Amino acid sequence: MNPVITGVGFITPIGNDRVTVEQSLREGRHGIERVEFLGNAQLPIKVAGTVKGFLVDSPKWRDWSWPNGYDIPKDILRGLAPHGLYAICAVEQALSHAALRTADVAEDPDTGLYCASAGSAMLLHHNLAQMRAVRGARGNPLGVVSSIAGTLNFNLAAHFRITGAVCGFVSACASSSHALGYAIDDLRLGRLKRAIVVGAEEMNADSLLPFAHMRALSNESDPGLASRPFDVERDGFVGAGGAVALVLEAPAEAARRGAAALAEASGWGQAADGYRVAASHPEGAGLRLAMERALADAAVVPGDIGCVSAHATSTPIGDSAEAIAIGRLFTTRGLRPPVAATKGLTGHTLSLSGAMQAGFCVLSISGAFMPGNPHLGVAAGECDGLYLPRATLAGAPGRILSNTSGFGGSNVCHVFAPPSGITG
Amino acid sequence: MQPIPPPVPSPALARFPAEVLEAFQRYRAKGEARDVETVLVAAAVDYRPAGSASAPVVSDSTRLLEDMGYDSVAVAELIFFLEDLFEMTITNEDILAVSTIGDLRACVIRKLAGKSGAA
């Protein structure tokens, strides 16, 4: 039996709660702002998908502030990275949305935690610089748990007292799709009854600027134009941060609690490009296979897909590869499902990307709409045959195929469906 | 390439009341033990893992673990903060001998006295 999603929580550039996020998606309102990294006005990177309402620039948690309504004890804060703070807020929202109290998941052997982040580059740098300044004589005792990849699982497991399973995934921008996929498998195998899946990333110079040095970021200074997936003039992605959490449950467990199923996680698939360390296969070979495997796992065919949530980050190579892969799977069969690239609104949230798209798919299904591509001007040639609506589409989207791709050619795709399994 | 700047100790006290910052500056100028104690007590109150709004009354006999709610990580955090602030090293053996605020004060003052070219 496929698991159902019973709760979602959002700390994103386009809103810090599901109502605001849904409104932003419906209205095509982006969350990208002008920024000046490291106080250097000369840098070509002028915009980012910022997280609002949090002040977490300092490497010292005592200087941080966050929106009201989240109770985060000091003994957890001291080991957290900024994105860990986002993640706790997102998980609290998701649990509350699923009508679960933190006491319901604490020490419950049937609840697992599946996390994805790249760690905190800012805290790693700060802590190691501090250590090096005294030639190794001393360092922050919580430097390891607050900064390395895995910091999310360490801290969230302790904070929410998770006893079922705790794990983390590191496959760059496919990470949280992997977390979601393996959570689905554990639920299907009956190993657990409930899984909390969370992806999170920081929005700061240390996490994002290194991508500029790969020439992966957009140099566009207009926040409304910088992230333009599939556009002929796209010039790179816009870095962004935040956290998204999802609560997945075995259908019997959701039914037992009387929890409303928002969507079904129908299936997933993965495949790799076997090509380059950072660049996608030019024809999206791995992505296409991952999409086919996700459809097979969900026991559906391309014609059953109502729309596609694209990974498209607004990079020249990546978007082109994905457009070709989608075209080969759908257009060649005479199918034209609407394709939406929500990174046009949020920017690219890296490890968080897959969980964020999953959260958006849940909102699309429960709210009966499909986000558009409001920043798209002229679509690139590789998109010929694809249906890329500019405006939001009203109506139930049916089954959604959601794509993610990461460095190393890692591709992970998911299929989400209305909870009854019947497409709209 | 720009060198990594060394940590500057005084901003570490930015969140503390003015009298704590002044005590630290006086200690830097004159090296007096009572100023060390003012800073140390303020830090010990601040680094409690589950701090309540009102600061507890702290005396020499106040125990870090039993009276102030410290756990081993919070002790390590406090020690690291004091090491960095006063630019000295407190060993694991030193820490094991500390159970009260009085013990901690004696330990820090001993370390500072033994530091070559103190303050």
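Rules used in this analysis
Residues numbered from 1 in each chain as written. Chains lettered and ligands numbered in written order. Predicted model: local features only at pLDDT ≥ 70, side-chain atom pairs only at ≥ 80, totals over all residues. Heavy atoms only, no water. Patch = residues over 30% accessible without salt bridge, like charges linked within 9 Å, V, L, I, M, F, W, Y side chains within 5 Å. Areas by Shrake-Rupley, 256 points an atom, 1.4 Å probe, with all protein chains shown as cover. Salt bridge = Lys/Arg side-chain N within 4 Å of Asp/Glu carboxyl O. Helix = DSSP H or I, 4+ residues; strand = E, 2+ residues; numbered from the N terminus. Pairing = 2+ DSSP bridges. Contact = heavy atoms within 4.5 Å. Axes fitted to C-alpha atoms, helices over the stretch in contact; angles between N-to-C directions. Core = buried A, V, L, I, M, F, W, Y, C linked by side-chain atoms within 4.5 Å. Buried < 20%, exposed > 50% of the residue type's maximum accessible area, 1.4 Å probe, protein only. pLDDT = per-residue confidence, 0-100. Buried area = accessible area lost by both parts, 1.4 Å probe. Polar contact = N/O pair within 3.5 Å; in protein donor to acceptor, adjacent residues only side chain to side chain. Nonpolar A, V, L, I, M, F, W, Y, C, P; charged D, E, K, R; others polar. Phe/Tyr/Trp six-rings, centres within 6.5 Å; stacked < 30°, edge-to-face > 60°. Lys NZ or Arg CZ within 6 Å of the ring centre and 35° of its normal.

*Asks:* Help me out: how do you make sense of a nonpolar patch on the surface in this one?
*Replies:* Residues and elements named next belong to chain A. A surface patch of nonpolar side chains, amounting to about 460 Å² of accessible area, comprises Leu124, Leu128, Met131, Val144, Ile148 and Phe154. The dominant element in the nonpolar patch, judged by the number of residues it contributes, is helix H5 (residues 121-133), at three residues. Assignment of secondary structure puts Met131 in helix H5.

*Asks:* I keep staring at the sheet that holds strand E14 (residues 410-417) of chain A and nothing clicks. Help me out?
*Replies:* Each strand in a sheet pairs with another by means of backbone hydrogen bonds, the pair being arranged parallel or else antiparallel. Residues and elements named next belong to chain A. As summarised here, the arrangement of the 10 strands in space is E5-E4-E6-E7-E1-E8-E14-E13-E9-E10, forming an open sheet in which the pairing is mixed. In this open sheet, the two edge strands, each paired with only one partner strand, are strand E5 (165-169) and strand E10 (339-340). Where strand E4 (residues 111-116) and E5 come together, five bridges link them in parallel fashion. Within the sheet, the bridge partner assigned to Ala116 lies in E5 and is Phe169. Contacts between helix H8 (residues 175-188) and the sheet are confined to E4, E5, strand E6 (194-201), strand E7 (242-249), strand E8 (263-272), strand E13 (399-406) and E14, with E8 contributing the most and set at about 120° to the helix. The strands touched by helix H11 (residues 285-297) within the sheet are E8, strand E9 (305-309), E13 and E14, with E8 carrying the most contacts at an inclination of about 145°.

*Asks:* Quick question: what am I supposed to make of the nonpolar core here?
*Replies:* Note that soluble globular proteins tend to have their nonpolar side chains buried in a common cluster. Residue and element names in this part refer to chain A. Core analysis: the biggest nonpolar cluster contains 52 residues, and Phe37, Ile72 and Leu156 have the highest contact counts within it. Put simply, the parts of the chain that give this core at least two residues each are helix H2 (74-77), helix H3 (82-97), E4, helix H7 (151-160), E6, helix H9 (205-212) and E7. Per-element accounting of this core gives the leading share, nine residues, to H3. Sequence-distant contacts of Phe37, defined by excluding residues within four places in its chain, comprise Leu43, Ile45, Ala48, Met203, Asn204, Ala205, Leu208 and Leu209.

*Asks:* Quick question: what am I supposed to make of the environment of Arg288(A) here?
*Replies:* Residue and element names in this part refer to chain A. Mapped onto the secondary structure, Arg288 falls in helix H11. Judged by its relative accessible area of 29%, Arg288 falls in the partly exposed class. With 16 residues separating them in the primary sequence, Arg288 and Ala272 have C-alpha atoms 9.7 Å apart. If sequence neighbours within four positions are ignored, Arg288 has contacts with Ala325 and Arg328.

*Asks:* Where do I start with the confidence of the model for chain B in this structure?
*Replies:* Detailed reading of predicted coordinates is not advised where the pLDDT is low. Residue and element names in this part refer to chain B. Summarising the model, chain B shows a mean pLDDT of 84, and 84% of its residues fall at 70 or more. A low-confidence stretch, residues 5-9 stays under pLDDT 50, and its non-local contacts, those more than four residues away or across chains, total seven contacts. This complex was scored by the predictor with a pTM of 0.92 and an ipTM of 0.73.

*Asks:* What is the right way to look at the interface of chain A and chain B in this model?
*Replies:* Size of an interface, as often reported, equals the accessible area lost when the parts are brought together. Of the residues lining the interface, 13 residues belong to chain A; the matching set on chain B comes to 21 residues. Between chain A and chain B lies a buried interface of about 1500 Å² when both sides are counted; carbon and sulfur atoms form 56% of it. Broken down residue by residue, the surface that chain A buries against chain B is led by Arg62(A), Arg78(A) and Arg138(A), which jointly contribute 42%. Scanning the region where chain A abuts chain B turns up three salt bridges. Residue Arg138(A) is joined to Asp84(B) by a salt bridge in which the shortest nitrogen-to-oxygen separation is 3.1 Å. Counting across the interface, chain A meets chain B through eight residue pairs in polar contact (both at pLDDT 80 or more). For the side of chain A that touches chain B, the secondary structure elements donating two or more residues are H2 and H5 of chain A. Ranked by the residues each element gives to the side of chain A that touches chain B, the list is headed by H5(A), at three residues. In terms of residue class, the side of chain A that touches chain B is built from five nonpolar, three polar and five charged.

*Asks:* Can you help me understand the packing of aromatic side chains in this one?
*Replies:* How two aromatic rings sit relative to each other is set out by the distance from centre to centre and by the angle between their planes. For the structure shown, the criterion picks out 11 aromatic pairs over all chains. Between the aromatic rings of Phe169(A) and Tyr182(A), the centroid separation amounts to 5.6 Å while the plane-to-plane angle is 5°, which identifies the pairing as stacked. Of the two residues, Phe169(A) sits in strand E5 while Tyr182(A) sits in helix H8, which places them 13 residues apart along the sequence. Here Tyr182(A) falls in the partly exposed class, since its relative accessible area comes to 33%. Ring centres 6.4 Å apart and planes at 40° place the aromatic pair Phe24(B) and Tyr27(B) in the tilted group. Residue Phe24(B) and its partner Tyr27(B) are located together in helix H1 (residues 18-30), separated by three residues, close to a single helical turn. What makes Tyr27(B) buried here is its relative accessible area of 5%. Aromatic rings pair up to connect Phe169(A), Tyr182(A) and Trp268(A) into one cluster. Its end group placed over the ring of Tyr47(B), Arg62(A) keeps NZ or CZ at 3.8 Å from the ring centre. Above the ring of Tyr275(A), the side-chain terminus of Arg276(A) is found at 4.3 Å from the ring centroid.

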